[in-house]
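So the chains spell out like this:
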Amino acid sequence: MSGQSFKSWMCLGCGFIYDEEAGLPEDGIAPGTLWADVPMNWVCPECALRKEDFEMIEL
């Protein structure tokens, strides 16, 4: 994974941040899981908005 550029995605409803490098192990999403590989039926753990309600952000 060297040279991998991970991105972060923010929920437009509540501001929750999904960090590709960290993943969400508690939701079964391993660290290093790219946004494109997060299941389409996944929802924000804070407010339950859908994946399409997130946008990429620069940290």
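Residues numbered from 1 in each chain as written. Predicted model: local features only at pLDDT ≥ 70, side-chain atom pairs only at ≥ 80, totals over all residues. Heavy atoms only, no water.

Caption draft 1: View of the UniProt feature "binding site: Fe cation" (unreviewed entry) in the chain. Here the UniProt feature "binding site: Fe cation" (unreviewed entry) sits at Cys11, Cys14, Cys44 and Cys47. The greatest C-alpha distance among the annotated residues, which extend across 37 residues, is 8.9 Å, indicating that they converge on a single site. Turning to its location among the elements, Cys14 is positioned in the loop between strand 1 (8-11) and strand 2 (17-19). Judged by its relative accessible area of 39%, Cys14 falls in the partly exposed class. Each residue touching Cys14, except ones within four places of it in the same chain, is listed here: Cys44, Glu46 and Cys47. As for its placement among the helices and strands, Cys47 is situated in the loop between strand 2 and strand 3 (54-57). Since its relative accessible area comes to 32%, Cys47 is described here as partly exposed. Setting aside anything within four residues of it in sequence, one finds Cys47 in contact with Cys11 and Cys14. (UniProt positions renumbered as here; feature names shortened; annotations may be inferred. Helix = DSSP H or I, 4+ residues; strand = E, 2+ residues; numbered from the N terminus. Buried < 20%, exposed > 50% of the residue type's maximum accessible area, 1.4 Å probe, protein only. Contact = heavy atoms within 4.5 Å.)

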